[in-house]
Amino acid sequence: MSSFKMLAVETSCDESAAAVVGADASGRIRLLSNIVSSQVELHARWGGVVPNLAAREHLKNLPLVIEQALQESALRPKDIDALAVTQGPGLIPALLVGTEFAKTLAYCWHKPLLGIHHIEGHIYANLIGSQKSSKIKFPALCLVVSGGHTQLVLMRDHFRYEIIGQTLDDAAGEAFDKVARILDIGYPGGPAVSAKAETANCKSEAPGGKITLPRPMLNKKGYDFSFSGLKTAVLYETKKLKEQLSAADYEKLIPEICREFQQAAIDVLVAKTIQAAEKHDPKTIMLAGGVSANKELRRQLGEAISVSMPDTCYLVPDTTLTGDNAAMIATAAALRWSKMTAHEKQIALDGWQNVRPDANLKLK
Ligand code: KG4
Ligand code: ZN
């Protein structure tokens, strides 16, 4: 295999990102630059991502992040062999900016362009870092937990995905975000809830005793999830406590509500992953998506795997790569590129116009 360089762009939600990876002749992929310009502060005052605002920001930020990604990798456009862009799923105004931008570059620089699935990127974030690309063994099972997705994905080989379980309603990250909103503890919700949960003091008890929340779907057959009932249970518990307690006493219980909510979500995520692993006997179990930043989830899933299936390799993405970024898109694209035939590469060069954004793109 000959060495090559891949530049990728990601704009599916509220991060404008560009990254460059290089593959050497042995197929080893190295991250050369990874630039993320976050819009979190802009959207915080709305309590969630506003699609048109996100698109406008991407338009402003993309030229800058791409230029910086090239500068940090010490490469020029002529040194880049192929381009990649997140094709979906995501917010359509945001995806449109990224794909149109990437297509313009493909046309002007005369480079092939690959459209990459956002979740595929999150999964392949697990391979970024020294020696990691050799670690993935198939079949592999991946628990994908992001703001828009909660899925158990079985992979029998690279780029072969079978979704064996998924959420029937809210995604795990969405539940964290909604709970943070109910408790009014900040945005984005996941980091806010987990930070509060860390400060929980097991001795603080509600007047009716310990706060306990349901573990939805835990005793149901199959590998599907449901988080909307759990979020509603937090809403009712919070309403009840606010009525029963002084404002100061209610405030003291917020960390305990966060801890119990987080634990309820983790209990279900870990139990379903282990059940699916017992059935499919994967050689590798991976965690992916924004919620994989959650320290407790990373630790407890790792512990459960080492108890139930100690021979299985457990991969988690580096904590700097759990959120949306272009390094994961570039890595997935580089691996795809390395497996493409000369004919397929020519199609990617001639067919850059065919990369169209799709808000509901399926992982297949
Ligand atoms: O993958 P991601 O960055 O964007 C999507 O593709 O959706 O995931 C974002 C989600 C948000 O819901 C955010 O609250 C959640 O990941 N998240 C966390 C943590 N950090 C981010 N959830 C739980 N614990 C965290 N530490
Ligand atoms: Zn994501």
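Structure: see above.
So, here is what we can say about the structure in this document. Residue positions are given per chain, counted from 1 along the sequence in the order it is written. Chains carry letters from A onward and ligands carry numbers from 1 onward, assigned in written order. pLDDT decides what is reported in this predicted model: residues at 70 or higher carry local features, side-chain atom pairs at 80 or more are listed and counted, and totals for whole chains, interfaces and linings draw on all residues regardless. Values reported for side chains reflect all heavy atoms of the structure, with hydrogen atoms and water molecules removed beforehand.

### Observations concerning the coordination of the zinc ion (ligand 2)
Point 1. Here the term donor refers to an N, O or S atom within 2.8 Å of the metal (or 3.2 Å for Na, K and Ca), and because water is left out of the atoms, sites may appear incomplete. Protein ligation of the zinc ion (ligand 2) involves His118 (NE2), His122 (NE2) and Asp324 (OD), the donor distances falling in the range 2.0 to 2.1 Å.
Point 2. Along the chain, the residues that donate to the zinc ion (ligand 2) are spaced as H-x3-H-x201-D. With His118 and His122 both in helix H4 (residues 118–124), this residue pair falls four residues apart, about one helical turn. Helix numbers and strand numbers start at the N terminus; a helix is a DSSP run of H or I with at least 4 residues, a strand a run of E with at least 2.

### Regarding the site of ligand 1
Point 1. Being near a molecule or strand, for a residue, comes down to having at least one heavy atom within 4 Å of it. In the vicinity of ligand 1, 18 residues are found, and the nearest of them are His122, Gly147, Asp177, Gly190 and Gly290.
Point 2. In protein, a polar contact requires one atom able to donate a hydrogen and another able to accept it; more generally it is a pair of N or O atoms within 3.5 Å, and residues adjacent in sequence count only if both atoms are side-chain atoms. Separating an oxygen atom of ligand 1 from a side-chain N or O atom of Asp177 is a distance of 2.6 Å.
Point 3. Residue burial considers only the protein chains on display, and all accessible areas are found by Shrake-Rupley using a 1.4 Å probe. Isolated, ligand 1 exposes 550 Å² of accessible area, and the fraction of that covered by the protein chains is 84%.
Point 4. Elements supplying a minimum of two residues to the shell around ligand 1: H4, helix H5 (172–183) and helix H6 (189–198).

### Observations regarding the side chain of Gln87
Point 1. Note that Gln87 resides in strand S4 (residues 82–88).
Point 2. Not counting the four nearest positions on each side in its chain, Gln87 is found in contact with Leu95, Thr99, Gly115, Ile116, Val355, Arg356, Pro357, Asp358 and Leu361. When checking whether two residues touch, look at their non-hydrogen atoms; a contact exists if any pair is within 4.5 Å.

### Focus: the packing of aromatic side chains
Point 1. Stacked, edge-to-face and tilted are the three classes for Phe, Tyr and Trp ring pairs, Trp counted by its six-membered ring, which pair at centre distances within 6.5 Å; planes under 30 degrees apart are stacked, over 60 edge-to-face, the rest tilted. In this structure the tally under the stated criterion is four aromatic pairs.
Point 2. Should the NZ of a Lys or the CZ of an Arg lie within 6 Å of a ring centre and within 35 degrees of the ring normal, that charge is described as sitting over the ring. It is Arg336 that lies over the ring of Phe159; its NZ or CZ is 4.3 Å from the centre.

### Observations regarding the sheet that holds strand S6 (residues 140–145)
Point 1. As summarised here, the arrangement of the five strands in space is S8-S7-S6-S9-S10, forming an open sheet in which the pairing is mixed. Every interior strand has two partners, whereas the edge strands, strand S8 (160–166) and strand S10 (313–315), have only one. Between one strand axis and the next, the sheet turns through 20 degrees on average, direction left out of account. In this scheme, strands are said to pair when DSSP sees at least two bridges between them. Here an axis means a line fitted to C-alpha atoms, over the contact stretch when the element is a helix, while the angle between two N-to-C directions is reported on a 0 to 180 degree scale.

### A short note on the pairing of S6
Point 1. Each residue gets one of three labels from its accessible area relative to the maximum for its type: buried under 20%, exposed over 50%, partly exposed in between, using a 1.4 Å probe on protein chains only. With six of its six residues buried, S6 lies for the most part within the structure.
Point 2. Neither face of S6 is left uncovered, since the one carrying Ala140, Cys142 and Val144 and the one carrying Leu141, Leu143 and Val145 both have all their residues buried.
Point 3. As defined by bridge partners, S6 adjoins strand S7 (residues 150–157) across six bridges and the pair is classed as antiparallel. Within the sheet, the bridge partner assigned to Val144 lies in S7 and is Gln151.
Point 4. The antiparallel pairing of S6 with S7 creates a hairpin that spans four residues between the two strands.

### A closer look at the pattern of salt bridges
Point 1. Within this document, salt bridges are pairs made up of a side-chain nitrogen of Lys or Arg and a carboxyl oxygen of Asp or Glu, the two lying within 4 Å of each other. Scanning the entire structure with this criterion turns up 17 salt bridges.
Point 2. Note that Asp170 is salt-bridged to Lys231, the shortest N-O span being 3.2 Å. Here Lys231 lies in helix H7 (residues 228–244) and Asp170 lies in the loop between S8 and H5, a separation of 61 residues in the sequence. Across the pair, Lys231 and Asp170 agree in class, each one buried.
Point 3. Of the charged contacts in the structure, one is a salt bridge between Glu256 and Arg259, with a shortest N-O distance of 3.0 Å.

### Here's the deal with the sheet that holds strand S5 (residues 113–117)
Point 1. The five strands lie next to each other as S3-S2-S1-S4-S5, forming an open sheet whose pairing is mixed. Only two strands of the sheet have a single partner each, and these edge strands are strand S3 (29–38) and S5. Direction aside, the axes of adjacent strands within the sheet are offset by 20 degrees on average.
Point 2. The sheet contact formed by strand S2 (residues 15–23) and S3 spans nine bridges and is antiparallel.

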